[in-house]
Amino acid sequence: MKLSDQLKQKRAAHLDALQALVDVAETRALSNEEREKTKQLRGQIEAANAQIEAAEAQEAAELRTAEQQAGGTAQKGARAMIAAIREARNTGGKQRVEYRPEMMLRAVMTPASNSAGKSAYTGTDTVQLQATEDLSWLNLLTVDTVTRNGETKPFVKRANRTTPENKAYTDSTSEQAMVVDAHTVALKNYYVRLAVHNDVLRDSADANLEQVLFGAARQDIQRQIAYHVLYGPGTNAFTGLTATADIQTVAGGGVAIADYKLITEAFELLMSNANVNPASVAVLMHPKVWKQFADLADTTGQPLMRPKELQDVPFIAYSRIPVDQGVGTDETSIIVADLSQWVLNAEKFYEISTEAGPNMAKDYSDMMLTFRADLKTIDPASAVVITAVQAEA
């Protein structure tokens with residue numbers, strides 16, 4: 001996870017805490033302790049703003065340097081991808097273009113400032129992409145670039161470790177064995193086959209239209225991979241977190257959210273049974289459940305604050321989490337996981353396939369983008385699924 005994103009999460013927690021105090025101040029006078037806390041939070045937010053600006057500048061500089069220093073004979077980046085698309089369309093066959101998995105996962109769709117999130121043309125006729133769900137939580141995953149399918153990655157399970165002994169120097173030590181397990185990377189293909197009528201390219205006022213179309217297709221692959229990280233069914237897709245054996249579960253009881261007890265129970269399981277990194281733990285839920293948490297109130301009607309142990313934990317609304325589970329098809333799940341323990345193995349190449357020249361019968365160009373990935377973890381206990389949560393309060 002990027003430093004700037006970590007800082008933004010902490011700033012968001014400070015903003016939530018400050019807003020809660022502002023809300024209290026509208027109903028009664030703040031105590032001395034609350035006024036001091038308000039002053040402290042404002043200072044922390046100002047400091048976070050400066051830290052975020054500096055971190056983003058540093059990350060942008062590092063990215064530029066990495067792109068300039070990237071070696072090898074393969075073409076690199078979006079511009080090279082577009083050049084490969086044009087060459088493949090003219091000559092046929094396949095083109096392989098290097099595109100780092102981390103870059104693919106950090107793709108962001110930015111609508112025009114005046115488009116209210118919808119597709120729009122600006123005054124310069126630049127094509128804009130429609131905004132979709134926030135997938136910034138993907139940055140919490142560990143991304144590992146693999147060089148070939150079928151790689152074997154060995155690891156030692158926590159249950160297979162040795163037990164150190166304390167012995168007198170005249171005593172014999174016990175012989176112990178350490179069991180080395182392994183998983184095999186089985187990359188799954190993610191395709192987008194895009195048919196573009198050539199009039200679209202001929203008539204477009206945007207010289208970068210092909211790049212926009214590629215960006216949209218790339219982001220569609222990103223969206224599908226994000227969904228499969230959680231709900232991948234296996235077989236032709238990789239197996240997602242919720243379908244992985246030995247993950248932990250908490251029963252929600254088929255009722256709506258009333259407090260934070262389900263979340264703290266999930267954290268107890270994570271800390272008891274897995275080696276989690278608190279900074280990488282996220283809570284993913286459907287927006288309906290996110291609203292339930294946002295609307296929690298105490299007996300006086302005041303907002304129910306998160307326990308201080310959860311203040312910096314991101315509560316992420318992800319709209320593709322199902323809300324039709326359970327007997328009455330009105331239940332959903334909450335996922336609490338240290339996503340840094342889950343590794344997205346991915347090739348660092350997109351592969352483009354296309355026919356030589358346009359399809360003469362219908363005057364369109366046909367291209368296919370392929371990206372290959374697989375999800376693995378050495379510690380399934382690093383994820384907890386809270387089941388049977390009522391989707392509507």
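What you see is a predicted model; the values in this text were computed from it and never measured. (Residues numbered from 1 in each chain as written. Predicted model: local features only at pLDDT ≥ 70, side-chain atom pairs only at ≥ 80, totals over all residues. Heavy atoms only, no water.)

1. Structural notes on the environment of Leu141
Consideration 1: With respect to the helices and strands, the residue Leu141 is situated in the loop between helix H4 (101-105) and strand E2 (142-145).
Consideration 2: Taking relative accessible area as the criterion, Leu141 reaches 6% and is therefore assigned buried.
Consideration 3: Taking the C-alpha atoms as reference points, Leu141 and Leu344, 203 residues apart in sequence, are found 6.9 Å from one another.
Consideration 4: Aside from chain neighbours lying at most four places away, what touches Leu141 is Val229, Leu339 and Trp342. (Helix = DSSP H or I, 4+ residues; strand = E, 2+ residues; numbered from the N terminus. Buried < 20%, exposed > 50% of the residue type's maximum accessible area, 1.4 Å probe, protein only. Contact = heavy atoms within 4.5 Å.)

2. Quick word on the pairing of strand E13 (residues 383-390)
Consideration 1: Here five bridges tie strand E6 (residues 248-255) to E13, and the two strands are oriented parallel to one another. What sits directly across from Val255, in E13, is Val389.
Consideration 2: Judged from the six bridges that link them, strand E9 (residues 331-338) and E13 form a sheet pairing that is antiparallel. Bridge assignment links Ala337 to a residue of E13, and that residue is Ala383. (Pairing = 2+ DSSP bridges.)

3. Quick word on the packing of aromatic side chains
Consideration 1: On inspection of all chains with the given rule, the structure shows six aromatic pairs.
Consideration 2: When the centroid spacing of 5.7 Å and the interplanar angle of 50° are considered together, the rings of Tyr190 and Phe238 count as tilted. A residue pair is termed long-range when its members are at least 10 positions apart, and Tyr190 in strand E5 (residues 188-197) and Phe238 in the loop between helix H6 (209-231) and E6 qualify at 48 residues. For the pair shown, Tyr190 and Phe238 are each scored as buried.
Consideration 3: Between Tyr260 and Phe315 the ring centres are 6.3 Å apart and the planes differ by 65°, which places this aromatic pair in the edge-to-face class. Here the residue Tyr260 occupies a position in the loop between E6 and helix H7 (261-273), and Phe315 occupies one in strand E8 (residues 315-317), the gap between them amounting to 55 residues. Residues Tyr260 and Phe315 agree in their burial class; the two are buried. (Phe/Tyr/Trp six-rings, centres within 6.5 Å; stacked < 30°, edge-to-face > 60°.)

4. Structural notes on the pattern of salt bridges
As a working rule, side chains carrying opposite charge can pair if their charged atoms are close by.
Consideration 1: One pass over the structure, following the stated rule, counts nine salt bridges.
Consideration 2: One salt bridge in this structure joins Glu34 and Arg28, with 2.8 Å as the shortest N-O distance.
Consideration 3: Overall, Glu34 belongs to the buried group, its relative accessible area being 17%.
Consideration 4: Among the salt bridges present, the one from Asp374 reaches Lys376, with a minimum N-O distance of 3.5 Å.
Consideration 5: A single salt-bridge network, built from bridges that share partners, covers Asp144, Glu151 and Lys153. (Salt bridge = Lys/Arg side-chain N within 4 Å of Asp/Glu carboxyl O.)

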